[in-house]
Amino acid sequence: PKYIQAYPSVIIILANYMKDNNIKPFSKLKAILCGSEKLYDWQRQKLEDVFQCRIYSWYGHSEISVLAGECEESTNYHIFSEYGIFELIDNDDLLIRSNDTLGEIVATSLINHIFPLIRYRTQDFALKLDKRCNCGRYYSLMPHVEGRLQDIILTKNKARVTLTALIFAQHFNAFSNVKEMQLIQETIGKLVIRIVKNDSYSENDEKEISNKILKAVNNNLDVSFEYVNSITRTESGKYRFLIQKLSLNEQQHLEG
């Protein structure tokens, strides 16, 4: 293949298999195109290492309201203004006009002539950058999407913590011994970590994961582990890293 389009959580399975079995990358592969899930830095690094090509990520919705993608010069998302109108709102539903301020993405479709959505609340959170890309395309930029409201962990003191702050801003040696991992929150201040482990996994790996997560939230979480043989995907094949069972209304009325 010259290009591969895939969910990040699916292509990473192939990458792990190829690395474990010393399989060489496809000789004609130019790029891997990742979408529909957040592409984390550790996934990008592993994919680039295994496939020896550029990894591109894009952001969009099946509701056809907003679309953004990376270019050849950077990993910032270019917000395609001809596709839809992109806005950010704060906790009081007010429009964010300043840059570098986190807010909820609100989008208005410009190309859906059958059922356009006007100021559609996506429940995704992001920020815009106050600069233009070196590629020369005159699009607004955002560095990444922080995640959905349902991708937020609530600590004992009711603080909102993103998955990036909790997990992906840190390096875990233990992850080399983990096949798959999923977080589950059913109660404020409590987190269950579901793990599919490999043969090298040990108690030290569990301690590292627990200690680093607790450090990220100043010990404001109770962490427990559950070991399983597999992790179920959604009907569309997506991998949900966090199963957040707290209600949206409960989260929206909490102070960050």
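Residues numbered from 1 in each chain as written. Predicted model: local features only at pLDDT ≥ 70, side-chain atom pairs only at ≥ 80, totals over all residues. Heavy atoms only, no water.

K.L.:
Explanation requested: the sheet that holds strand S16 (residues 242-244) in the structure shown.
P.N.:
What holds strands together in a sheet is hydrogen bonding between their backbones, with the strands either parallel or antiparallel. Read from one edge of the open sheet, four strands run S15-S14-S13-S16, paired in mixed fashion. On the outer flanks of this sheet lie strand S15 (222-227) and S16, each paired with one strand and no other. Across the sheet, the mean angle from the axis of one strand to that of its neighbour is 20°, orientation sign disregarded. Two strands pair when backbone bridges link them, and strand S13 (residues 178-185) and S16 are joined in this way by three bridges, in the parallel orientation. Each bridged residue has a counterpart across the sheet, and for Gln 185 the counterpart in S16 is Gln 244. (Pairing = 2+ DSSP bridges. Helix = DSSP H or I, 4+ residues; strand = E, 2+ residues; numbered from the N terminus. Axes fitted to C-alpha atoms, helices over the stretch in contact; angles between N-to-C directions.)

K.L.:
It is not clear to me how the sheet that holds strand S9 (residues 140-142) should be interpreted in this structure. Could you clarify?
P.N.:
Taken together, the six strands give an open sheet; going across it, the order is S1-S2-S3-S4-S5-S9, and neighbouring strands pair in mixed fashion. This sheet does not close on itself; its edge strands, each paired only once, are strand S1 (3-6) and S9. Put simply, the sheet's adjacent strands are angled 25° from each other on average, direction ignored. Sheet analysis places S1 next to strand S2 (residues 31-34), joined by four bridges and oriented parallel. Each residue of the ladder has a partner; that of Ile 4, found in S2, is Ile 32. Lying on the sheet, helix H2 (residues 41-51) is in contact with S2 and strand S3 (54-60); it crosses S3 at an angle near 140°. (Contact = heavy atoms within 4.5 Å.)

K.L.:
Sorry, what's going on with the confidence of the model for the chain here?
P.N.:
Segments scoring low in pLDDT should not have their predicted coordinates read at a detailed level. For the chain, per-residue confidence averages 87 on the pLDDT scale, and residues scoring 70 or more make up 94% of the total. Throughout residues 252-256 the model reports pLDDT below 50, and contacts reaching past four residues in sequence, or to other chains, amount to nine contacts. (pLDDT = per-residue confidence, 0-100.)

K.L.:
Would you mind showing me how to read the packing of aromatic side chains here?
P.N.:
Two aromatic rings are characterised by how far apart their centres lie and by the angle between their planes. The final tally for this structure, using the stated rule, is five aromatic pairs. Considering the side-chain rings of Phe 172 and Phe 175, the 4.6 Å spacing of their centres and the 15° angle between planes classify their relative orientation as stacked. Judged by its relative accessible area of 4%, Phe 172 is buried. For Phe 175, a relative accessible area of 25% gives the class partly exposed. Here the aromatic rings of Tyr 201 and Tyr 227 are separated by 5.5 Å at their centres, their planes lie at 65°, and the arrangement is edge-to-face. Of this pair, Tyr 201 sits in the loop between strand S14 (190-197) and helix H4 (203-216) while Tyr 227 sits in strand S15, and the two are 26 residues apart along the sequence. Among the aromatic residues, ring-to-ring pairing joins Tyr 201, Phe 225 and Tyr 227 into one connected group. (Phe/Tyr/Trp six-rings, centres within 6.5 Å; stacked < 30°, edge-to-face > 60°. Buried < 20%, exposed > 50% of the residue type's maximum accessible area, 1.4 Å probe, protein only.)

K.L.:
What should I look at first to understand the pattern of salt bridges in this one?
P.N.:
Think of it this way: side chains of opposite charge can pair up when their charged atoms draw near. Scanning all chains against the criterion turns up ten salt bridges. Across the salt bridge formed by Glu 104 and Arg 121, the nearest N and O atoms sit 2.6 Å from each other. Placement of Glu 104 in strand S7 (residues 103-109) and of Arg 121 in strand S8 (residues 120-126) is noted, with a sequence separation of 17 residues between them. Overall, Glu 104 belongs to the buried group, its relative accessible area being 6%. Relative accessible area serves as the criterion here: at 38%, Arg 121 is assigned to the partly exposed category. The closest approach of N and O atoms between Arg 194 and Glu 226, which form a salt bridge, is 3.4 Å. Of this pair, Arg 194 sits in strand S14 while Glu 226 is found in strand S15, placing the two residues 32 residues apart along the sequence. Here Arg 194 falls in the partly exposed class, since its relative accessible area comes to 23%. (Salt bridge = Lys/Arg side-chain N within 4 Å of Asp/Glu carboxyl O.)

K.L.:
In this structure, what is going on with H2? I would like to understand it.
P.N.:
Note: α-helices contain 3.6 residues per turn, so residues at a spacing of three or four share the same orientation. For H2, the full list of buried residues reads Gln 43, Arg 44, Leu 47, Val 50 and Phe 51. One face of H2 carries all of its buried residues, which in axial projection span an arc of 140°. Seen from the open side of H2, the exposed residues pointing more than 90 degrees away from its buried face are Asp 41 and Gln 45. The inward-facing, buried residues of H2 contact helix H1 (8-20), S2 and S3. At the exit of H2 stands Gln 52, carrying a positive phi of roughly 55°. (Arc of directions from axis to C-beta.)

K.L.:
Just to check I follow, could you spell out the side chain of Glu 87 for this structure?
P.N.:
With respect to the helices and strands, Glu 87 occurs in strand S6 (residues 84-89). According to the relative accessible area criterion, Glu 87 is buried, its value standing at 18%. Polar contacts involving the side chain of Glu 87 include one to the side chain of Arg 119, which spans 2.9 Å. Once residues lying within four places of it in the same chain are set aside, the contact partners of Glu 87 are Leu 95, Glu 104, Ile 105, Val 106 and Arg 119. (Polar contact = N/O pair within 3.5 Å; in protein donor to acceptor, adjacent residues only side chain to side chain.)

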